[in-house]
Amino acid sequence: MRSLLNRMTSREVRPAKSERAFERTAETRSGLWLILANLGHLLGGKAAAGVMSLVYLVLVTHRLGAAEYGVLVLVNAYAVLIGSVLAFSGFHGVVRYGGIALEAGDRAGFARIVRFLAVIELGCGAVAVIVAALLVPLIGPRLGWSPDTIRIAIPYSLAVIATVRATPQGLLQIANRFDLIGIHQAVSPLIRLVGALGVWVAGGGLIGFIAVWLIAAVAEGLAMWGFGWVAWRKLAAGEPLRGPWRHAARDTDGLGRFILITNFDITVRELAPNLAPLTVGWLLGPAAAGLLALTQRATSLLAQPTVLLSQASYAVLAAQVARNDLAALRHTVWRSAGLALAIAAPIVAILAFAGDRLLVTLGGASFGGGTVLLILIAGARAAGLASAPLASGLTALGLPGRSMTVGVVTSLALYPLLPAMLWAFGTDGAGWHALLQNGAAIVALALMFRSDAKGRPA
């Protein structure tokens, strides 16, 4: 009804050319401001999470040292890897096709799409938990895990639940509840902090910290579904949570192909970062994996905004495409990418200047000597931060295959170089490899977006 009224109004009263130009300029400018507003909500929760993460990181690394901290990292990375490979993300499908259904006033269709994506995501998550548990006895010994660690790593497979939360996150985006997404950022760090303090006071060690990390992961996944219920009640407007879902892909043109492509893209993009610490641990041992993990955590100021910027920008860019305002889309994407680089550059410079002292302060003497690795990882993070709006722009244009192609090449085709770089440069090879991947990705995404967005009329 709203769209019908809009069309009737546009026929009856057509604004002057100067008025239309002013409105278009305002919409173009507002895209970046909407993204920044959404990002502000997300960064608010992430700032609190960052402080808590810093405290528990110091507790854990000083208690365990590089080698045992590396084991903790590998146990968690293993569960996350299995979850990222086998789990399913309903995020983009909910935002794009769920948003279209709501715009058309089809709340029943919206509910059917959400149920369909939620059922698939939960089913794939259950499969991922089972597979992760079954493979632990085979993978654990090669990663330097003790028999006690292997025994607790089997139930730790439940940590896959932390990765099974994309569908409710999509609901929160459509409902514009970025405040709840921001709050969710602090759930896992808060539990890790409280648990780490308890293990520290009790004089516990590696097994105790693994147990705390498991509780935090499960809570992280369940909390997002709880927040998603809040958004569902607002958006579904009386539609029952349980209801028809089986024919959603058949009845929604393009949904099946879209979610297959976007999920493959997400899997490929997450594969290399999640596989890197396991590869380092496999070839160089837990201590090297611990050093890599600490440098990644030290550069998380650049890493986390990459994910948050994608979350904050996609809904805005999709709305601009829905209005067929590609001038606003181009302006928003390029300004967002430029702003990301401008923010990242001084952070990289600070890390380069104070790198070794930072690592020793955070982790202790056993983490010294990682300055070069820290600089390389920071540079890779900066490139990834700037590429996030470019990838979101291509997906909003309905071209997720472009981003997927870049992900395949940079994550899969370049992955075989990682063992060779580790052999040539030691642990620093992981940093050179990450810089190569993210540098190639941002160049390719920029060229693709420039071509696709320019080639379509605004």
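Right above here is the structure, for reference.
Residues numbered from 1 in each chain as written. Predicted model: local features only at pLDDT ≥ 70, side-chain atom pairs only at ≥ 80, totals over all residues. Heavy atoms only, no water.

(A) Structural detail: the environment of Pro 273. Relative to the helices and strands, Pro 273 resides in helix α11 (residues 255–284). In this structure Pro 273 comes out as partly exposed when scored by relative accessible area, which is 48%. With 192 residues separating them in the primary sequence, Pro 273 and Leu 81 have C-alpha atoms 9.0 Å apart. (Helix = DSSP H or I, 4+ residues; strand = E, 2+ residues; numbered from the N terminus. Buried < 20%, exposed > 50% of the residue type's maximum accessible area, 1.4 Å probe, protein only.)

(B) Local environment of the side chain of Thr 410. With respect to the helices and strands, the residue Thr 410 is situated in helix α16 (residues 400–413). With near-sequence residues (within four places) excluded, Thr 410 lies in contact with Gln 437, Ala 440 and Ala 441. (Contact = heavy atoms within 4.5 Å.)

(C) Representation of the nonpolar core. Ranked by internal contacts, the top residues of the largest apolar core, which has 91 residues, are Tyr 69, Leu 72 and Trp 145. A total of 18 residues in this core trace back to one element, the largest contributor, which is helix α2 (residues 17–86). Sequence-distant contacts of Tyr 69, defined by excluding residues within four places in its chain, comprise Leu 57, Val 60, Thr 61, Leu 64, Gly 290, Ala 293, Leu 294 and Phe 367. (Core = buried A, V, L, I, M, F, W, Y, C linked by side-chain atoms within 4.5 Å.)

(D) How the structure looks around α11. A rise of 1.5 Å per residue sets the reference length of α11, with its 30 residues, at 44 Å; its end C-alpha atoms lie 43 Å apart and thus fit the reference within 8%. Its maximal kink placed at Leu 275, α11 deviates by approximately 30°, while the proline Pro 277 follows within four residues. (Expected span 1.5 Å × (residues − 1). Bend = angle between axes of the 7 residues up to and from the residue.)

(E) How the structure looks around the pattern of salt bridges. Inspection of every chain in the model, using the stated rule, returns two salt bridges. With its nearest N and O atoms 2.0 Å apart, the salt bridge here joins Arg 151 to Asp 148. Taken together, the residues span about one helical turn, with Arg 151 and Asp 148 both in helix α5 (residues 147–153) at a distance of three residues. A residue is classified by how much of its surface remains accessible, and Arg 151, at 53% relative accessible area, is exposed. Judged by relative accessible area, Asp 148 falls into the partly exposed class, the value being 44%. Between Glu 220 and Arg 165 there is a salt bridge, with its nearest N and O atoms 3.1 Å apart. Within this pair, whereas Glu 220 is found in helix α9 (residues 206–235), its partner Arg 165 is found in the loop between α5 and α6 (166–174), the two being separated by 55 residues in sequence. (Salt bridge = Lys/Arg side-chain N within 4 Å of Asp/Glu carboxyl O.)

(F) Spatial organisation of the packing of α6 against α9. Running from N to C, α6 and α9 point in directions that differ by 45°, and their axes come no closer than 8 Å. Relative to α9, α6 is oriented oblique. Note on packing geometry: the crossing formed by α6 with α9 is left-handed. Contacts between α6 and α9 pair Thr 167, Pro 168, Gln 169, Leu 171, Leu 172 and Ile 174 from the former with Met 224, Trp 225, Phe 227, Gly 228, Ala 231, Trp 232 and Leu 235 from the latter. Of the residues assigned to the contact of α6 with α9, the class counts are ten nonpolar, three polar and no charged. (Axes fitted to C-alpha atoms, helices over the stretch in contact; angles between N-to-C directions. Parallel < 35°, antiparallel > 145°, perpendicular 65-115°, else oblique. Left-handed = near helix turned anticlockwise from the far one by under 90°. Nonpolar A, V, L, I, M, F, W, Y, C, P; charged D, E, K, R; others polar.)

(G) Structural context of helix α15 (residues 371–396). The end-to-end C-alpha distance of α15 is 38 Å, a good match for the 38 Å that 26 residues give at a rise of 1.5 Å each. At Ser 387, α15 shows its maximal bend, which comes to roughly 35°, and the proline Pro 389 appears one to four places after that position. Judged by how many residues are buried, α15 sits mostly within the fold: 21 of 26 residues are covered. At the C-terminal side of α15, Gly 398 shows a positive phi close to 80°.

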